[in-house]
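# Structural characterization, general
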Amino acid sequence: MTQFHDLLRAERRFLLTGHEHPDGDCVGAQTALSHLLQALGKEVVIHNPDPLAKAYGFLRQHTRFGHHQAAEPLPAHDVVVLLDCSQLRRVGQLGDRLRAAGKPIAVIDHHVGSDRGDGQVCYVDAKAAATGALVRRLFREFGVPLNLAAAEGVFLSLVSDTGWFRYSNADAEVFTMAAELVAAGVDASKIYDQLYRQNHPDSAALLAEALGHASLRCAGRLAIAGLDKDYMDRAGRADFDTDAVLEPLRSMVGIEVVALLKERFDGGVKVSLRARGDVDVQRIAAAFGGGGHQKAAGATLKLTLADGLRAVEQAVAAALTATGGQVS
Ligand code: AMP
Ligand code: MN
Ligand code: MN
């Protein structure tokens, strides 16, 4: 047992949070951890920087999700657990308030460098496919059996971060856990339906439009697309998840990097990078102040969309040149 386990045992009121626009790994891991802590007799609130996306609404059946509202006080807590990220600056304004509240911070994360984040105690493994897999390990270490809600949470984490077991991080632990979760009652195809078959009637047109904005650069090794505020506004109103754009772009022969840039309403640009092959997009994202994994990383740029597209193309060109081959 480590300092991390000691903290879990010792403290009473836990506030679970995660990165802005929490994805399936983040909310799945929070779901599972909240049930573990409750089984240990703790008080738990999940309090995120942004609301739970509609696609994850099925989690609410057994688990409560709250989110930051500037006018409301923070939920009372003795300790903060940061899941699927390791820095309070990734938690937006809620992160500033949590920092000011000054309670101890524990991190559960699987990103490169997460042991050097804001956590006073950490439970991290950059080789783990998903944060939810780490929470599954914690259940074992505390000798607590998974209930169905926690099993669904871990399953959501695994499928979110492995692209439904397609990516290279889908290792033996992932498949072993998945088998065990299905045996415990998780209905995989029902979860797939809830995640991907409840799309707005405009979603196909929005996908086509986004793909139409993509262009091939660096001698066909980079696919890059920029989505402006007008597009993001329409996508937001249709609850369209722009991650759907990444995989068709990554599927083309010759592509080594995909870059998707989204103009933010507060100014700036959110960039998502995906790699195929040896390029390390985590290093590219880190150079822009972001981070992630070798094959999936992101950053937020304080640039216009046009300047962001140029800067990212340049950085990817430099990385591709370093791995050898032509970029023009
Ligand atoms: P995304 O493109 O937002 O799906 O992110 C891909 C991966 O990079 C995820 O594991 C994210 O948690 C991580 N990531 C995204 N944005 C950032 C950032 N600004 N700083 C650090 N990691 C990030
Ligand atoms: Mn995440
Ligand atoms: Mn993750």
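Look up: the structure comes first, before these words.
The notes below deal with the structure included here. (Residues numbered from 1 in each chain as written. Chains lettered and ligands numbered in written order. Predicted model: local features only at pLDDT ≥ 70, side-chain atom pairs only at ≥ 80, totals over all residues. Heavy atoms only, no water.)

### Topic: the overall build of the protein chain
- For the protein chain, the count of helices and strands is 12 helices and 12 strands.
- If one aligns the C-alpha atoms of the protein chain with their principal axes, the spans along those axes are about 60 × 45 × 40 Å.
- Long-range contacts, defined as pairs at least 24 residues apart, comprise 64% of the intrachain contacts of the protein chain with a sequence gap of at least 6.
- Per element, the accessible surface of the protein chain, about 14,900 Å² overall, is 50% carbon and sulfur.
- In the protein chain, which carries 35 positive and 39 negative side-chain charges, the distance between the mean positions of the two groups comes to 2 Å. (Helix = DSSP H or I, 4+ residues; strand = E, 2+ residues; numbered from the N terminus. Contact = heavy atoms within 4.5 Å. Areas by Shrake-Rupley, 256 points an atom, 1.4 Å probe, with all protein chains shown as cover. Lys, Arg positive; Asp, Glu negative; His and termini not counted. Charge placed at Lys NZ, Arg CZ, Asp CG, Glu CD.)

### Thoughts on empty space enclosed by the protein
- Summed over all chains, the structure comprises one cavity of 30 Å³ or more.
- Volume-wise, the largest cavity comes out at about 30 Å³.
- Contributing to the lining of the largest cavity are T31, F58, L59, H62, T63, A149 and E152.
- Across the lining of the largest cavity, the residue classes break down as three nonpolar, three polar and one charged. (1 Å grid on protein atoms, 1.4 Å probe; cavity = no way out; pocket = protein on both sides within 12 Å on 5 of 7 lines; lining within 4 Å. Points joined across faces, edges and corners; volume = space filled by probe spheres on them. Nonpolar A, V, L, I, M, F, W, Y, C, P; charged D, E, K, R; others polar.)

### Topic: the sheet that holds strand 9 (residues 257-263)
- Ordered in space as 7-8-9-10-12-11, the six strands form an open sheet in which the pairing is mixed. Of all the strands in the sheet, the pair left with one neighbour each is strand 7 (215-217) and strand 11 (291-292).
- Lying over the sheet, helix 12 (residues 305-322) contacts strand 7, strand 8 (222-227), strand 9, strand 10 (269-275) and strand 12 (296-301), oriented at roughly 165° with respect to strand 8. (Pairing = 2+ DSSP bridges. Axes fitted to C-alpha atoms, helices over the stretch in contact; angles between N-to-C directions.)

### Observations concerning the coordination of the manganese ion (ligand 2)
- Around the manganese ion (ligand 2), the donor atoms from the protein are H19 (NE2), D23 (OD) and D84 (OD), and they sit 2.0 to 2.3 Å away.
- Here the manganese ion (ligand 2) and the manganese ion (ligand 3) are spaced 3.9 Å apart, with D84 acting as a shared donor.
- Judged by relative accessible area, H19 falls into the buried class, the value being 6%. (Donors = N, O, S within 2.8 Å, 3.2 Å for Na, K, Ca; no water. Buried < 20%, exposed > 50% of the residue type's maximum accessible area, 1.4 Å probe, protein only.)

### Topic: the coordination of the manganese ion (ligand 3)
- Looking at the manganese ion (ligand 3), the protein donor atoms are D25 (OD), D84 (OD), H110 (NE2) and D161 (OD), and they sit 2.1 to 2.2 Å from it.
- All donors of the manganese ion (ligand 3) come from a single chain, and their spacing in sequence reads D-x58-D-x25-H-x50-D.

### Examining the pairing of strand 6 (residues 121-124)
- A one-sided burial pattern is seen for strand 6, the buried positions being V121 and Y123 and the unburied ones C122 and V124.
- The sheet contact formed by strand 5 (residues 105-109) and strand 6 spans four bridges and is parallel. Its bridge partner being in strand 6, A106 is matched across the sheet by V121.

### Regarding the site of ligand 1
- Taken together, 13 residues lie near ligand 1, and H111, K270, S272, R274 and G291 sit nearest.
- The separation between an oxygen atom of ligand 1 and a polar side-chain atom of H111 is 2.5 Å.
- For the shell around ligand 1, the elements supplying multiple residues, two or more each, are strand 10, strand 11 and strand 12.
- In terms of residue count, strand 12 provides more of the shell around ligand 1 than any other element does, four residues in total.
- In terms of residue class, the shell around ligand 1 is built from three nonpolar, seven polar and three charged. (Near = heavy atom within 4 Å. Polar contact = N/O pair within 3.5 Å; in protein donor to acceptor, adjacent residues only side chain to side chain.)

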